[in-house]
Amino acid sequence: NAGVTQTPKFQVLKTGQSMTLQCAQDMNHNSMYWYRQDPGMGLRLIYYSASEGTTDKGEVPNGYNVSRLNKREFSLRLESAAPSQTSVYFCASSEPGKNTGELFFGEGSRLTVL
Amino acid sequence: KQEVTQIPAALSVPEGENLVLNCSFTDSAIYNLQWFRQDPGKGLTSLLLIQSSQREQTSGRLNASLDKSSGRSTLYIAASQPGDSATYLCAVPTYTGANSKLTFGKGITLSVRP
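Conventions and cut-offs
Throughout this description, residue numbers start from 1 for each chain and increase along the sequence as written. Throughout, the order in which chains and ligands are written sets their labels, letters from A for the former and numbers from 1 for the latter. With pLDDT at 70 or above as the cut-off, local features in this predicted model cover only qualifying residues; side-chain atom pairs require 80 or more to be listed or tallied, and sums for whole chains, interfaces and linings still use all residues. As a convention, hydrogens and water are excluded, and side-chain values are obtained from all of the structure's heavy atoms. Only DSSP runs of H or I covering at least 4 residues are called helices, and only runs of E covering at least 2 are called strands; the numbering of each starts at the N terminus. Using C-alpha atoms as the atom set, the radius of gyration is obtained and then compared with a globule rule of 2.2 Å times the number of residues to the power 0.38. Note on classification: 1.4 Å probe, protein chains only; a residue is buried when its accessible area is under 20% of the maximum for its type, exposed when over 50%, partly exposed between these limits. Throughout, a residue-residue contact means that at least one pair of heavy atoms, one from each residue, lies within 4.5 Å. A strand pair is defined by DSSP finding two or more bridges across the two strands. Axis definition: a line fitted to C-alpha atoms, limited for helices to the stretch in contact. Angles are taken between N-to-C directions and run from 0 to 180 degrees. When a carboxyl oxygen of Asp or Glu lies within 4 Å of a side-chain nitrogen of Lys or Arg, that pair is called a salt bridge. Residues grouped as a nonpolar core are buried Ala, Val, Leu, Ile, Met, Phe, Trp, Tyr and Cys residues, joined through side-chain atoms within 4.5 Å.

## Regarding the overall build of chain A
Secondary structure assignment for chain A yields zero helices and eleven strands. Starting at the N terminus and walking to the C terminus, you meet the elements of chain A as β-β-β-β-β-β-β-β-β-β-β. Its C-alpha radius of gyration of 13 Å places chain A within 12% of the 13 Å reference for a compact globule of 114 residues. Across its three principal directions, the C-alpha atoms of chain A cover 45 × 30 × 25 Å. For chain A, with 114 residues in total, the buried portion stands at 49%.

Given below as structure tokens:
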């Protein structure tokens with residue numbers, strides 16, 4: 001019953017450092033997403049992957065890259081972290097369709113950039 | 001562009017009260033609507049998913065309704081308890097071909113006073 005698993009749960013970086021957030025789901029979903037959540041801004045989509053081998057930009061993609069490693073895993077990379085990227089990051093997955101589409105979230109990764 | 005609004009941003013009620021949380025959306029051409037709960041420092045948990053062909057969906061003390069034509073959904077919580085204190089978010093999908101991504105409201109933070 002793991003669902004969507006994110007690592008790490010907490011991370012502190014210095015400006016300019018790089019890091020990768022990992023996400024894995026065990027529900028055999030085709031679609032996976034990365035969101036960030038900031039006070040007053042709500043949830044904003046960074047990147048998504050409709051299926052293995054495809055990725056697309058969301059609302060706030062600048063400063064991020066993603067890799068859909070396989071059907072289970074979708075990683076988010078910050079190449080040169082900036083204080084504006086301090087946020088809580090959530091990975092999610094779903095089996096999209098007009099009659100389904102329920103979204104499942106991980107517990108979040110709390111990133112602080114100093 | 002789909003916009004999702006949840007008003008008020010915060011709500012405080014005494015234990016035992018029945019309450020309604022509102023969600024409105026600008027583009028009524030949706031296929032479903034999803035309600036989530038988020039506890040402080042945690043991820044989002046799916047509560048209810050209403051398909052566009054449905055008017056209501058129930059789970060325990062929760063009842064969600066959907067009126068596409070007016071661009072509204074409500075989440076009804078019966079006999080509220082302190083354990084219901086959390087932030088409640090609604091989200092609707094935007095479809096671009098075979099892809100879908102959710103647009104979220106900013107949430108309503110509910111506090112149930114003992």
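## With respect to the environment of Ile30(B)
Residues and elements named next belong to chain B. Within the secondary structure layout, isoleucine 30 lies in the loop between strand S3 (19–25) and strand S4 (32–38). Take isoleucine 30: its relative accessible area is 1%, and that puts it in the buried class. Distance from isoleucine 30 to glutamine 51, taken between C-alpha atoms, is 8.8 Å for residues 21 residues apart in sequence. Other than its neighbours up to four places away in sequence, isoleucine 30 contacts Gln2, Phe25, Ser52, Leu66, Lys68 and Val92.

## Topic: the sheet that holds strand S3 (residues 19–25) of chain A
Residues and elements named next belong to chain A. Judged by pairing direction, the sheet is antiparallel, and its four strands sit side by side in the order S1-S3-S8-S7 without closing on themselves. The sheet is open, and its two borders are formed by strand S1 (4–7) and strand S7 (64–68), each paired with just one other strand. Averaged over all pairs of adjacent strands, the angle between their axes in this sheet comes to 15°, without regard to strand direction. As paired strands, S7 and strand S8 (residues 74–78) are joined by five bridges and run antiparallel to one another. Opposite arginine 68, over in S8, you have phenylalanine 74 as the bridge partner.

## Notes on the pattern of salt bridges
Pairs may arise between side chains of opposite charge once their charged atoms sit close together. Residues and elements named next belong to chain A. The tally for this structure, following the rule as stated, stands at five salt bridges over all chains. Salt-bridge contacts for aspartate 38 lead to arginine 36; the nearest nitrogen and oxygen are separated by 2.8 Å. This pair shows no difference in class: aspartate 38 is buried, exactly as arginine 36 is. Residues arginine 44 and aspartate 38 are paired through a salt bridge, measuring 2.9 Å at the closest nitrogen-oxygen approach. Using a relative accessible area of 15% as the deciding quantity, one classes arginine 44 as buried. The class for aspartate 38 is buried, based on a relative accessible area of 12%. What emerges from the salt-bridge pattern is a single network uniting Arg36, Asp38 and Arg44.

## What about the nonpolar core?
What tends to happen in soluble globular proteins is that the nonpolar side chains get buried as a cluster. Leu21(B), Leu33(B), Trp35(B), Leu75(B), Ile77(B) and Tyr88(B) are the most contacted members of the largest nonpolar core, which has 23 residues in total. If you list the elements that add at least two residues to this core, you get S3, S4, strand S5 (44–51), strand S7 (62–67), strand S8 (72–77), strand S9 (86–96) and strand S11 (108–113) of chain B. One finds Met32(A), Tyr47(A), Leu78(A) and Cys91(A) within the second-largest nonpolar core, a separate group that totals 20 residues.

## Some remarks on the pairing of S3(A)
All names here are of chain A. In terms of burial, S3 is largely enclosed, as five of its seven residues are buried. By the bridge criterion, three bridges tie S3 to S8 in an arrangement that is antiparallel. Looking at the pairing, leucine 21 lines up with leucine 76 of S8.

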